[in-house]
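# Understanding the architecture of this molecule
What follows is each chain in one-letter form.
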Amino acid sequence: MIVFRDPADVPPDFGRSVVAIGKFDGVHVGHRAVIERMREDARAIGARTVAVTFDRNPLEVLRPELCPENVVATDRKVELLGELDLDATLVLTFDRALAALAAEDFVRDILVDSLHAAMILVGRDFRFGRGGAGDPALLQKLGPQYGFSVDVIDDVTPEGGGRRVSSTWVRELLAAGDVAHAATVLGRPVTVTGEVVHGLKRGRELGFPTANLSEMIDALAPADGVYAGWLDDHVTGIRHPAAISVGTNPTFDDVERRQVEAHVLDETGLDLYGHRVTVEFTDHLRGMVAFEGMEALIAQMADDVSVARERLLGHR
């Protein structure tokens, strides 16, 4: 997949394209349905497939006090889009200049002149252009003038109906620690990726050494608590079963920020410092609590490891 960071980067001979526009935060099953429809539309007319997205949530510029955390960082979003067999993704820098661009200018300058859009796909609630004046109805009005058709995608709801799939729903599930349900809405496991860094080494002192991820991770971590899951080592390619902790360690109350740390099951002497790893959350085991004394904490950690082993490997 080609990644363009500016409309000017698109070569003049790129050819006609079918374009899907959206924030694509999390690249969840709703987004994947849009991408699948885009691929079908493109095959029907022999055009390229292009996702158009933004380098940040527009609210970060327009209404920062209302802007939620991103489900995934921009680079991770691009990686996920790249797994969906697209020809290209255009990542627009959402700044004051783009926010001030009139809706019709956005269509003409970016979608028509740069991407040669033959068809444009959007969700029913998508808005674009200065003041959010652009919507599917405007696209349908401009289509005949600029030579493109419009495909408006209905909301995606889980089987049996109910709530529509959205990034907001994913955030709520992560905030509740419900990683199993979040994985269903995302259409993939809940993961975070980062570099293993030195921590306080308290886990090692307690008999449960952990790989501590740096503050710079590529996705929103789930709620504070303990989880069963996996640690994928990008250096060795080995996938390790793990008991995972997210939080600030309230028993000791000396960790200033939330951190993700993973205890690899049944391994001794494993050196992961400096390795890039992906931590995958499969089951929520318990919330984060403060324990009275070291013995209670160690006993609980031993039980956490035992339960994680049973969930992941089928035995204690």
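Closest axis-to-axis distance for the helix α7 (residues 167–175)/helix α8 (residues 179–186) pair is 8 Å, and the angle between their directions is 160 degrees. By the angle between their axes, α7 is roughly antiparallel relative to α8. The element α7 and its partner α8 pack so that their crossing is left-handed. Residues Trp169, Val170, Leu173 and Leu174 of α7 touch α8, and the partners they reach there are His181, Ala182, Val185 and Leu186. Considering only residue class, the contact of α7 with α8 consists of seven nonpolar, one polar and no charged.

The next thing to look at is the packing of helix α5 (residues 103–114) against helix α6 (residues 136–146). Closest axis-to-axis distance for the α5/α6 pair is 11 Å, and the angle between their directions is 50 degrees. Relative to α6, α5 is oriented oblique. Taken as a pair, α5 and α6 cross one another with a handedness that is right-handed. Here Ala103, Glu104, Val107, Arg108 and Val112 of α5 lie close against α6, whose contacting residues are Leu138, Leu139, Leu142, Gln145 and Tyr146.

Turning to the environment of Arg5, a few remarks are in order. Mapped onto the fold, Arg5 is located in the loop between β1 (2–4) and β2 (17–21). Distance from Arg5 to Glu267, taken between C-alpha atoms, is 43 Å for residues 262 residues apart in sequence.

Looking now at the pairing of β2. Of all five residues in β2, five are buried, a share of seventy percent or more. Alternating residues of β2 divide into Ser17, Val19 and Ile21 and Val18 and Ala20, and every residue in both groups is buried. By the bridge criterion, four bridges tie β2 to strand β5 (residues 117–123) in an arrangement that is parallel. When the bridges of β5 are listed, Ser17 appears paired with Ala117.

Its place among the elements puts Ser167 in helix α7. One polar contact links the side chain of Ser167 to the main-chain carbonyl oxygen of Asp25, over a distance of 2.7 Å. If sequence neighbours within four positions are ignored, Ser167 has contacts with Asp25, His28, His31 and Val71.

The phi angle at Phe24 is positive, at roughly 55 degrees, despite the residue not being glycine. Following the sequence through the fold, Phe24 ends up in the loop between β2 and α1 (29–45). Within the chain, Asp85 stands out as a residue other than glycine whose phi angle is a positive 60 degrees. Mapped onto the secondary structure, Asp85 falls in the loop between α3 (74–82) and β4 (88–92).

Here is what the cut-offs are and how they apply
- Residues numbered from 1 in each chain as written.
- Predicted model: local features only at pLDDT ≥ 70, side-chain atom pairs only at ≥ 80, totals over all residues.
- Heavy atoms only, no water.
- Axes fitted to C-alpha atoms, helices over the stretch in contact; angles between N-to-C directions.
- Helix = DSSP H or I, 4+ residues; strand = E, 2+ residues; numbered from the N terminus.
- Parallel < 35°, antiparallel > 145°, perpendicular 65-115°, else oblique.
- Left-handed = near helix turned anticlockwise from the far one by under 90°.
- Contact = heavy atoms within 4.5 Å.
- Nonpolar A, V, L, I, M, F, W, Y, C, P; charged D, E, K, R; others polar.
- Buried < 20%, exposed > 50% of the residue type's maximum accessible area, 1.4 Å probe, protein only.
- Pairing = 2+ DSSP bridges.
- Polar contact = N/O pair within 3.5 Å; in protein donor to acceptor, adjacent residues only side chain to side chain.

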